[in-house]
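So the chains spell out like this:
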4 protein chains.
Amino acid sequence: MILTLLIHCPDAPGIISAVTGFFHSQGGNIVYLDQHVDKQAGVFFMRLQAEFARDQYGDDTEGSFLKSLEEDFTSTCARQFGMDWTIHREASKTRMAIFVSKYNHCLYDLLGRYETGELHTEIPFILSNHDDCRPIAEQFGIPYYHIPVNKENKAEAEARQLSLLKEHDIDLVVLARYMQIIGPGLIGEFTNKIINIHHSFLPAFAGAKPYHAAFRRGVKIIGATSHYVTEDLDEGPIIAQDVSPVSHSHSIPDFIAKGRDLEKIVLARAVLLHLQHKTLVYDNRTVVFA
Amino acid sequence: MILTLLIHCPDAPGIISAVTGFFHSQGGNIVYLDQHVDKQAGVFFMRLQAEFARDQYGDDTEGSFLKSLEEDFTSTCARQFGMDWTIHREASKTRMAIFVSKYNHCLYDLLGRYETGELHTEIPFILSNHDDCRPIAEQFGIPYYHIPVNKENKAEAEARQLSLLKEHDIDLVVLARYMQIIGPGLIGEFTNKIINIHHSFLPAFAGAKPYHAAFRRGVKIIGATSHYVTEDLDEGPIIAQDVSPVSHSHSIPDFIAKGRDLEKIVLARAVLLHLQHKTLVYDNRTVVFA
Amino acid sequence: MILTLLIHCPDAPGIISAVTGFFHSQGGNIVYLDQHVDKQAGVFFMRLQAEFARDQYGDDTEGSFLKSLEEDFTSTCARQFGMDWTIHREASKTRMAIFVSKYNHCLYDLLGRYETGELHTEIPFILSNHDDCRPIAEQFGIPYYHIPVNKENKAEAEARQLSLLKEHDIDLVVLARYMQIIGPGLIGEFTNKIINIHHSFLPAFAGAKPYHAAFRRGVKIIGATSHYVTEDLDEGPIIAQDVSPVSHSHSIPDFIAKGRDLEKIVLARAVLLHLQHKTLVYDNRTVVFA
Amino acid sequence: MILTLLIHCPDAPGIISAVTGFFHSQGGNIVYLDQHVDKQAGVFFMRLQAEFARDQYGDDTEGSFLKSLEEDFTSTCARQFGMDWTIHREASKTRMAIFVSKYNHCLYDLLGRYETGELHTEIPFILSNHDDCRPIAEQFGIPYYHIPVNKENKAEAEARQLSLLKEHDIDLVVLARYMQIIGPGLIGEFTNKIINIHHSFLPAFAGAKPYHAAFRRGVKIIGATSHYVTEDLDEGPIIAQDVSPVSHSHSIPDFIAKGRDLEKIVLARAVLLHLQHKTLVYDNRTVVFA
């Protein structure tokens, strides 16, 4: 069994020594450790993976062993250093809902990866404000919910979204070119659990029609940005970015076509980092472990 | 003798045929041709290089041959299609002045390239608002003018700059991390002849301290942008951009250190494109020929 | 109607002028022209697009207009300069067969693009030496042929492949991680019409297991290469390449996972360039027009 | 005082806990820790930085404090786990000799960085098999030794090189486009202390004239590789690589010009990593800490 520990807490001397000592004393072999200190903010971040052999939990199940380890950690390291922390078991799969509008390249890409086994996840449903992508959902055998959104029904639509997410026990919402603003209620319930792809190199060209804006400005490189969604549109913590060169010879449709490849790769990269518990959010920035 | 022709004019059928026919009829062999049409604006751009053998100008000097060719071009193609055009002889070197403040990595890089023969240019002088880089100028044997700039003497400083540029017959001003705003008089006289390097991926983080702003925003990629200087700060036509990945583990000084390499490479790339007559400006964007 | 002309021929003065003059005289408006001269080899390459308005073919159909234009071109420019040339009509779709073995990420990616309308093509069938990808073909409603290949049946397998390709009138074969060597008969019939993706930065790590070899060598960047297939394994003309940074912290499975994204993007890029008639092959290299 | 510890040793449970405990008990605050396990080889690698406040060494000098700490480490962690290790003090500057032949772009770049203060190093001398770069050395006020190398004098030349390196107490030799093969005697004395820049994306195009070979192969990307020098030419452990896109439109001189920028950036990156004690060599590969 491999456990993944994510920590952030006020920086102090002795944290690494204490945590590695703790896992060592519990019989775990540390197979990964990376840490980061934000010196300005005085905050310590760590990701640690420890491996436990079958005979180390004795007669216990994995579950009861983990529970006891968590209790010990709480009363020792976590208390001593005032830690925010989570421990993840390799076995448990994240349950991920995909929201999409009409552009389907990110959806196809995520579903292809899902089928291929690249993503350690379950996809209980796809949700859209349009009915266009239903055939794709059917092609991949995934339930599809069509929840139209307009000026009048925003609150109601959000309520339906929230109830679906809870009913299906969703841990992560991926906005795969979902072109509606996510309501504050949903953001509040899924803090740092909603990943969006924006089709520009943020903070350049936030908002609508970024490729048109990039074309007008005459940039020589376009980009895509995946980020956690916060109430400030396109302002959330950035997880991954990538870019592609363009020239005067590219039209806006060329930008859009090149951008599709960027968008799907960057979104998938961010989703994968999240699923592997490699991201921590602090002060509207991310720590992304290698 | 190789001649380089740059054209822009209203788009119309038959331009390429007319221009290539013209050079063919003059005995030139076309060794390069690239063209671009901005369909929205209805503007045609072309760069063409034609080679003329020694015996083609007969008893004439290169200069008189060129003059006669230019007259013929003016009265035929140029008139017919209403062209803005220039013809450049390979032999003539651009005269380039470098403006710098205190950061000297771009200056060192340009001077190293100059010594190595990478740049087809002469550098009559280096100008600075500080005296710090004087030893570098001396090291490379290039005159150095120290023109301090402050609130009170802006107009006077600009007048001295302009007079130096004219006295030395300068064709191109390169701002190699020159941290003062260029006055409108100088911009007016050197339209599309002043190249700046900005240490961000424009339009993101225009203005002062872009690395600090990029750090605060938590971007995963930093960039640099070289552009022609216009009266709107950091808003001029972009010539070249490049980027470098960063992570949470990089501090602001790390951004600055990584950025230095970007800045010097991107600035040199833009300068080289300009010196090779590969850039055309239209509608605050550049056409950059390959 | 837009026509795309691809030419290569011995370099000579006056080609551009003659060709543009020809299209101008036929009433076409040249909307794209790019050319290249391989000076060492003395070969001229050109891609040109010309637009013809509806009233320019008079009572003719597009087909008869094109036929007449081709005849005129043959007897003028083509004869004068000894050209190899093709003219492509925008309307006609390339018919593309996909060969695949077990890895399915490139297949999913191509089919996603096909559904999205990114590829101007028809896909009459998918062919594999295994039966594993059949469900994907069914998911997308495309016929699937399972032709096992082993030491004994190579000739027979190749014969069946060839007969399928001819029966379905295939113009382009895409090897989307097809792990068998293509027979010389098939290569002979489809010269510069078979595109392969190799999972390394060729010529580094040709042959089997390139990610394992890259890991052993300790490279800091991995790559993928798409190329036309020739009889020399992994030695054909390169169409597109891309790379991705790696570090000591990446295992071979990490290389493979990162490589999948490279492979699918690079293969799709090459396929798209071919479908848009932007590639020319000469001397085992490609000219790839912008 | 900041100390940097580099370790490699057989992998075993408890190393991180023991080492961090050791530094904690000595009063150090761990400000950086990164580790890597090569699972196939069963080897553990670690880089750790610990900060000690002035009052922690009491009446001792830094030197005597460090000596005592090293003795303690030797008799505890190092012995227990069979470690290869080094501890570096921030204060001590690496003494770096530069070898160069005729191409001077890497030399200019390193000297520019040296002047700017980018490199934490001293440069006691520049050595060359030609006299061409002497003016550059003089320009920067650095001693220059001209040691010609030919078939007859190889052993003697190597002896003179070695004696200069020892006399000047050199820790690192940088081959900044030095076009002679380094003798085995020198390599033996400076194992993992000689950094070369090769002008290709190794292992592609090892040996002479890589840009010519890359051009003939028709690659779409060129690269540069910095590596530690071993007796196998161009086969040593890779420290850094980078690449740049090329196209059919680039001639061999274009490859060479683009390559210069790659070479100088990649060489400087490797030198900087070495000077910051961020590299470890194992099994002809490098671990490069962030």
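Since the model is a prediction, treat every value here as computed from it, not as a measurement. (Residues numbered from 1 in each chain as written. Chains lettered and ligands numbered in written order. Predicted model: local features only at pLDDT ≥ 70, side-chain atom pairs only at ≥ 80, totals over all residues. Heavy atoms only, no water.)

Draft legend 1. Representation of unusual backbone geometry within the structure. The omega angle of the peptide bond from Leu202(A) to Pro203(A) is 10°, so this bond is cis rather than trans. Tracing the backbone through its elements, the reader meets Pro203(A) in the loop between strand 10 (194–198) and helix 7 (210–217). A positive phi angle, near 60°, is found at Asn192(B), a position not held by glycine. Residue position: Asn192(B) is located in the loop between helix 6 (184–189) and strand 10 (194–198). What makes Asn192(B) partly exposed here is its relative accessible area of 25%. One non-glycine residue, Phe205(C), lies in the positive phi region at around 60°. (Helix = DSSP H or I, 4+ residues; strand = E, 2+ residues; numbered from the N terminus. Buried < 20%, exposed > 50% of the residue type's maximum accessible area, 1.4 Å probe, protein only.)

Draft legend 2. Spotlight on the relation of the copies chain A and chain B. Overlaying chain A on chain B yields an RMSD of 0.0 Å, the required transformation being a rotation through 180° with an accompanying axial translation of 0.0 Å. Considering both components of the superposition, the chain copies are consistent with a two-fold axis. Using C-alpha coordinates, one finds that chain A approaches the rotation axis most closely at Ala204(A), a distance of 2.3 Å. Taken as a fraction of all interface residues of chain A, those also at the interface in chain B reach 100%, which identifies the copy contact as same-surface. (Least-squares fit on C-alpha atoms with pLDDT ≥ 70 in both. Contact = heavy atoms within 4.5 Å.)

Draft legend 3. The interface of chain A and chain B, seen in detail. Taken together, the 31 residues of chain A in the interface contact 31 residues of chain B. Taken together, both faces of the contact between chain A and chain B bury some 2700 Å²; the carbon and sulfur share is 60%. Looking at the side of chain A facing chain B, the largest losses of area belong to Arg217(A), Lys220(A) and His248(A), adding up to 28% of the total buried there. Scanning the region where chain A abuts chain B turns up zero salt bridges. At the boundary of chain A and chain B, one finds 16 residue pairs in polar contact (both at pLDDT 80 or more). Those elements that place two or more of their residues in the side of chain A that touches chain B are helix 7, strand 12 (238–245) and strand 14 (285–288) of chain A. Broken down by element, the side of chain A that touches chain B gets its largest block of residues, six residues, from strand 12 of chain A. Taken together, the residues of the side of chain A that touches chain B break down into 15 nonpolar, nine polar and seven charged. (Buried area = accessible area lost by both parts, 1.4 Å probe. Salt bridge = Lys/Arg side-chain N within 4 Å of Asp/Glu carboxyl O. Polar contact = N/O pair within 3.5 Å; in protein donor to acceptor, adjacent residues only side chain to side chain. Nonpolar A, V, L, I, M, F, W, Y, C, P; charged D, E, K, R; others polar.)

Draft legend 4. Molecular detail of the interface of chain D and chain C. At the junction of the two partners, chain D supplies 31 residues and chain C supplies 31 residues. When chain D packs against chain C, close to 2700 Å² is buried across both sides, 60% of that on carbon and sulfur atoms. The largest per-residue losses of area from chain D upon contact with chain C belong to Arg217(D), Lys220(D) and His248(D), which jointly make up 28% of the total buried on that side. Linking chain D with chain C are zero salt bridges. Here chain D is connected to chain C by 16 residue pairs in polar contact (both at pLDDT 80 or more). Secondary-structure elements contributing two or more residues to the side of chain D that touches chain C are helix 7 (210–217), strand 12 (238–245) and strand 14 (285–288) of chain D. With six residues, strand 12 of chain D is the largest single contributor of residues to the side of chain D that touches chain C.

Draft legend 5. Inspection of the packing of aromatic side chains at higher detail. The tally for this structure, following the rule as stated, stands at 52 aromatic pairs over all chains. Judged by centre distance (5.3 Å) and plane angle (85°), the rings of Phe22(A) and Phe23(A) are edge-to-face. For the pair formed by Phe22(A) and Phe23(A), the shared burial category is buried. Ring geometry for Phe52(D) and Phe65(D): centres 5.2 Å apart, planes at 65°, overall edge-to-face. With Phe52(D) in the loop between strand 3 (43–51) and helix 2 (62–81) and Phe65(D) in helix 2, this pair connects stretches of sequence that are 13 residues apart. According to the relative accessible area criterion, Phe65(D) is buried, its value standing at 8%. Chaining the aromatic ring pairs together yields one cluster made of Phe22(A), Phe23(A), Phe52(A), Phe65(A), Phe73(A) and Trp85(A). For the cation-ring pair, Arg47(B) lies above Tyr32(B), with the distance from its terminal atom to the ring centre recorded as 4.8 Å. (Phe/Tyr/Trp six-rings, centres within 6.5 Å; stacked < 30°, edge-to-face > 60°. Lys NZ or Arg CZ within 6 Å of the ring centre and 35° of its normal.)

Draft legend 6. Highlighting helix 2 (residues 62–81) of chain B. Residues and elements named next belong to chain B. Here helix 2 spans 27 Å end to end across 20 residues, near enough to the 28 Å set by a 1.5 Å rise per residue. Along helix 2, the helix axis deviates most sharply at Thr74, where the bend reaches about 45°. Among the residues making up helix 2, those that are buried are Phe65, Leu66, Leu69, Phe73, Cys77, Ala78 and Phe81. Where helix 2 is buried, its residues contact strand 1 (2–10), helix 1 (15–25) and strand 4 (84–89). (Expected span 1.5 Å × (residues − 1). Bend = angle between axes of the 7 residues up to and from the residue.)

Draft legend 7. Quick look at the side chain of His105(C). Residues and elements named next belong to chain C. Tracing the backbone shows His105 in helix 3 (residues 105–116). Within the structure, His105 has its side chain in polar contact with the side chain of Glu263 (distance 2.6 Å). Excluding residues that lie within four positions of it along the chain, His105 makes contacts with Arg177, Arg260, Glu263 and Lys264.

Draft legend 8. Summary view of the domain arrangement of chain A. Residue and element names in this part refer to chain A. The domain architecture assigned to chain A consists of domain 1 (2–89) and domain 2 (94–288). Look at where the C-alpha atoms of domain 1 and domain 2 centre, and you get two points 32 Å apart. Taken together, the contact between domain 1 and domain 2 spans 12 residues of the former and eight residues of the latter. Of the roughly 880 Å² buried between domain 1 and domain 2, counting both surfaces, carbon and sulfur atoms make up 69%. Where domain 1 touches domain 2, the interface holds four residue pairs in polar contact (both at pLDDT 80 or more). Going through the elements one at a time, strand 1 (2–10), strand 2 (29–38) and strand 3 (43–51) are the ones with two or more residues in the side of domain 1 that touches domain 2. Residue composition of the side of domain 1 that touches domain 2, grouped by class: six nonpolar, four polar and two charged. (Domains from an automatic or database assignment.)

Draft legend 9. Inspection of the environment of Met179(C) at higher detail. Residues and elements named next belong to chain C. Checked against the element boundaries, Met179 lands in the loop between strand 9 (172–175) and helix 6 (184–189). Since its relative accessible area comes to 42%, Met179 is described here as partly exposed. For the pair Met179 and Arg134, spaced 45 residues apart in the sequence, the C-alpha separation amounts to 16 Å. If sequence neighbours within four positions are ignored, Met179 has contacts with Ser101, Tyr103 and His199.

Draft legend 10. Summary view of the pairing of strand 14 of chain D. Residues and elements named next belong to chain D. Here strand 14 shows two buried faces, one formed by Arg285 and Val287 and the other by Thr286 and Val288. The pairing of strand 13 (residues 279–282) with strand 14 spans four bridges and is classified as antiparallel. Note that in strand 14 the partner of Leu280 across the bridge is Val287. Two successive antiparallel strands, strand 13 and strand 14, enclose a turn made up of two residues, where Asp283 displays a positive phi of approximately 60°. (Pairing = 2+ DSSP bridges.)

Draft legend 11. Just the relation of the copies chain D and chain C, in detail. When chain D is fitted to chain C, the best match, at an RMSD of 0.0 Å, comes from turning it 180° and sliding it 0.0 Å along the axis. A high fraction, 100%, of the interface residues of chain D reappear at the interface in chain C, so the copies pair face to face through one surface.

Draft legend 12. Expanded view of the pattern of salt bridges. Residues and elements named next belong to chain A. Throughout the structure, instances matching the rule amount to 48 salt bridges over all chains. Arg89 serves as the salt-bridge partner of Glu62, at 3.1 Å between the closest nitrogen and oxygen. A residue pair is termed long-range when its members are at least 10 positions apart, and Glu62 in helix 2 (residues 62–81) and Arg89 in strand 4 (residues 84–89) qualify at 27 residues. Taking the relative accessible area as the measure of exposure, Glu62 reaches 27% and is therefore partly exposed. Salt-bridge contacts for Arg134 lead to Asp131; the nearest nitrogen and oxygen are separated by 2.9 Å. Residue classification places Arg134 among the partly exposed residues on the basis of a relative accessible area of 27%.

Draft legend 13. The arrangement of the packing of helix 7 of chain D against helix 8 (residues 252–275) of chain D in detail. All names here are of chain D. It is at 10 Å that the axes of helix 7 and helix 8 come closest, and there the two elements cross at 125°. With respect to helix 8, the element helix 7 is oriented oblique. Pair helix 7 / helix 8 crosses with right-handed handedness. Between helix 7, through Tyr211, His212, Ala214 and Phe215, and helix 8, the contact on the second element is made entirely by Ile252, Phe255, Ile256, Gly259, Arg260 and Glu263. Considering only residue class, the contact of helix 7 with helix 8 consists of six nonpolar, two polar and two charged. (Axes fitted to C-alpha atoms, helices over the stretch in contact; angles between N-to-C directions. Parallel < 35°, antiparallel > 145°, perpendicular 65-115°, else oblique. Left-handed = near helix turned anticlockwise from the far one by under 90°.)

Draft legend 14. How the structure looks around the packing of helix 1 (residues 15–25) of chain C against helix 2 (residues 62–81) of chain C. Residues and elements named next belong to chain C. Contact geometry of helix 1 with helix 2 gives a least axis separation of 11 Å together with a crossing angle of 165°. Judged by the inter-axis angle, helix 1 sits roughly antiparallel to helix 2. The interaxial crossing formed by helix 1 with helix 2 has right-handed handedness. Residues Ile15, Ala18, Val19, Phe22 and Phe23 of helix 1 pack against Leu69, Asp72, Phe73, Thr76, Cys77 and Phe81 of helix 2. Considering only residue class, the contact of helix 1 with helix 2 consists of nine nonpolar, one polar and one charged.

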